[in-house]
Each structure stands twice: as structure tokens, then as C-alpha cells.
Amino acid sequence: MIMNKLAIVILVLITLSTSCKNKDSRKEYFKQYVQNDYTEKLKSFPEYLVDFFPSQIDGVYGMSETKDTTNECIYFMYYDLSNIKSTSIDSIFSSKVKAVYNAVDTNIISVRIKSRIEDDPTKEMFYNNIFINGRYYYPVPYFEKVDYSSVGIKSEDIYSSKTPCGLTKDFTIYVLGSKQGSYWKGLKPSEHMPKDWKNGFSKGVCVNTKKGIVIYWFVIW
């Protein structure tokens, strides 16, 4: 009787051990799958647009992109949603930028995807110049809302409809590079952008040190 009970206990322990190993194996496989997918996404874009993106993904993260030229822009964004080093990242990029804006700056020039403008024509904006009130405002993407509630992130921690870029007031936007010109086949000159900037690209990082959120991005229009 005692031997039978012991055998049952051993069998249960073996089953639990096997189950844990299988779970860890599946978790590792999924992590590697996501990493490979992210790596392939970066490779699908010109290196000069993504050379500042992190090579490895970790923690709580998200991605957003469009390659559909009918949207009149191309972009890719990597959201690092639990970055404990966001303050140091803020310091690093502040010394390497072309321009710095606060998310609430009303002079920000944002590139919106065409379908969103069609859904809400009141959001359509036309810009005349990137030089405003003595400083350059290089175009940045409008950050469309993505639902990250499944990983415990509230939309209001990232997005706001009250700012010209779609991010909350706690974000600082660092533009690392921006040039006018044609950089993606199939994109027609944008009627919304200023003269001489009808086509172009911008790239950069948005940092919210209060929430520990860092967004790496580029946009082509």
C-alpha cells in the first residue's frame, strides 16, 4: 500500500516536472519566434532608418507598422513598455538629436495615415513651413492608438487625442534624423506637407520617464 502511494507521488512529480519543462520550452520557442520576427522586420527596411533600434526585444513590448503606400506614409514603431532605464535613455538621446519637442507643442508637424483622415476629416492638417517661431519642426508620425491592455498597459499612459502627435503630455520627442526627398517607391508627394518636404523621412525616439516607456520610430511620406 505504501509502495503504491509512493509510486503515485513519483508519477505526479514526474508529470509536473515534464509539464513545467514543456511550458518553459514553449515559452522559449515563442520568445525566439517573436525575436526572429522583429529581426526580420528590421531587415526589411533600409539600415539608416533602423540603425538606432534595439537589436534584442525584452520585457513588455509592442510593435506597429504600415507598408501600405495607399496610406501615403510608411512607418515602423517599437514600443518598449517597461524600460527601467528610460531616464538614462532620455539623457543619451538628448545629446544626439536634430530636434527635441514636447508632445503638447502645438507646432508639431505630424504625418497621419490617409485612412484615419478619411475616418475623421476634422483631423486633416496642412502645413506651410517646417521653420516656425525661430525653430525647425521636422515631421514626426502621428501615433495611432494600439490596444496593449492584454499586457497590462493602459491606453491613457501612452496616447492622448489632445496633442498634435497623439502621445500624452509626458512624452519628449527626439528627432534623430530627417531629410526631404523620395525614400520609398510608390509614395506620391504629400499635399499635407510643406513646400520642399512633400516627400521625406524622419526617425527618432519618444521617451516617457514617468511611465518608463520608450518608443523607437521612423516614418516615410
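Residues numbered from 1 in each chain as written. Predicted model: local features only at pLDDT ≥ 70, side-chain atom pairs only at ≥ 80, totals over all residues. Heavy atoms only, no water.

**A closer look at the overall build of the protein**
When you go through the protein residue by residue, the secondary structure sums to 4 helices and 10 strands. Sequence-ordered secondary structure for the protein, helices as α and strands as β, is α-α-β-β-α-β-β-α-β-β-β-β-β-β. Counting every position in the protein, which comprises 221 residues, the buried fraction comes to 43%. For the protein, long-range pairs separated by at least 24 residues make up 67% of all intrachain contacts whose partners lie at least 6 apart in sequence. With the model as given, the accessible surface of the protein reaches about 12800 Å², and the carbon-plus-sulfur share is 54%. (Helix = DSSP H or I, 4+ residues; strand = E, 2+ residues; numbered from the N terminus. Buried < 20%, exposed > 50% of the residue type's maximum accessible area, 1.4 Å probe, protein only. Contact = heavy atoms within 4.5 Å. Areas by Shrake-Rupley, 256 points an atom, 1.4 Å probe, with all protein chains shown as cover.)

**Details of the packing of aromatic side chains**
In this structure the tally under the stated criterion is 19 aromatic pairs. Measuring from ring centre to ring centre gives 6.1 Å for Phe 45 and Trp 184, while their planes differ by 45 degrees; the resulting arrangement is tilted. Placement of the pair is Phe 45 in the loop between helix H1 (2-43) and helix H2 (47-50) and Trp 184 in the loop between strand E8 (172-180) and strand E9 (200-208), with a sequence separation of 139 residues. Trp 184 shares its class with Phe 45; the two are buried. The positively charged end of Arg 112 is found above the aromatic ring belonging to Tyr 142, 3.8 Å away from the centroid. (Phe/Tyr/Trp six-rings, centres within 6.5 Å; stacked < 30°, edge-to-face > 60°. Lys NZ or Arg CZ within 6 Å of the ring centre and 35° of its normal.)

**A few points about unusual backbone geometry**
Phi is mostly negative for residues that are not glycine, and the peptide bonds are mostly trans. Notably, Asn 133 is not glycine yet its phi reads approximately 50 degrees, a positive angle. Relative to the assigned elements, Asn 133 resides in the loop between strand E5 (131-132) and strand E6 (135-136). Even without being glycine, Asp 196 reaches a positive phi, approximately 70 degrees. Within the secondary structure, Asp 196 sits in the loop between E8 and E9.

**Structural notes on the pairing of E8**
In this structure, strand E3 (residues 99-102) lies alongside E8, joined through 4 bridges in antiparallel fashion. Among the inter-strand pairings, Ala 99 is bridged to a residue of E8, identified as Val 175. Where E8 lies against E9, 8 bridges are found, and the strand directions are antiparallel. Looking at the pairing, Ser 178 lines up with Ser 202 of E9. (Pairing = 2+ DSSP bridges.)

**Here we look at the environment of Ser 55**
Here Ser 55 shows up in the loop between H2 and strand E1 (61-66). Taking C-alpha positions, Ser 55 is 7.3 Å from Thr 39, a pair spaced 16 residues apart along the chain. When sequence neighbours within four positions are dropped, the list of residues in contact with Ser 55 reads Gln 35 and Tyr 38.

**Here's the deal with empty space enclosed by the protein**
Inspection of the entire model under this criterion finds 1 cavity of 30 Å³ or more. Within the lining of the largest cavity, the residues separate by chemical class into 7 nonpolar, 3 polar and 2 charged. (1 Å grid on protein atoms, 1.4 Å probe; cavity = no way out; pocket = protein on both sides within 12 Å on 5 of 7 lines; lining within 4 Å. Points joined across faces, edges and corners; volume = space filled by probe spheres on them. Nonpolar A, V, L, I, M, F, W, Y, C, P; charged D, E, K, R; others polar.)

**Observations concerning the confidence of the model for the protein**
With 88% of its residues at a pLDDT of 70 or more, the protein has an overall mean of 89. Note on residues 8-13: pLDDT under 50 across the span, and 0 contacts to partners over four residues away in sequence or across chains. (pLDDT = per-residue confidence, 0-100.)

**Here we look at the nonpolar core**
Counting 35 residues, the largest nonpolar core has Tyr 79, Tyr 101, Phe 143, Ile 158, Leu 167, Ile 215 and Trp 217 as the members making the most contacts within it. Elements represented by at least two residues in this core include exactly strand E2 (74-80), E3, E8 and strand E10 (213-220). The dominant element in this core, judged by the number of residues it contributes, is E10, at 4 residues. In contact with Tyr 79, not counting residues within four places along its chain, are Val 60, Tyr 61, Gly 62, Ser 64, Phe 143, Glu 144, Tyr 148, Ile 158, Tyr 159, Val 214 and Ile 215. If you look at the next biggest cluster of nonpolar residues, it comprises 25 residues, including Ile 57, Leu 176, Leu 187 and Val 214. (Core = buried A, V, L, I, M, F, W, Y, C linked by side-chain atoms within 4.5 Å.)

**Some points on helix H3 (residues 86-94)**
Every buried residue belonging to H3 is among Ser 86, Ile 89 and Phe 93, and all of these are buried. End-on view of H3: buried residues confined to an arc of 55 degrees, all on one side of the axis. Its buried side turned inward, H3 meets E8, E9 and E10. (Arc of directions from axis to C-beta.)

**Here's the deal with the environment of Gln 32**
Along the chain, Gln 32 turns up in helix H1. Residue class for Gln 32 comes out partly exposed when judged on its relative accessible area of 40%. Distance from Gln 32 to Ile 57, taken between C-alpha atoms, is 9.9 Å for residues 25 residues apart in sequence.

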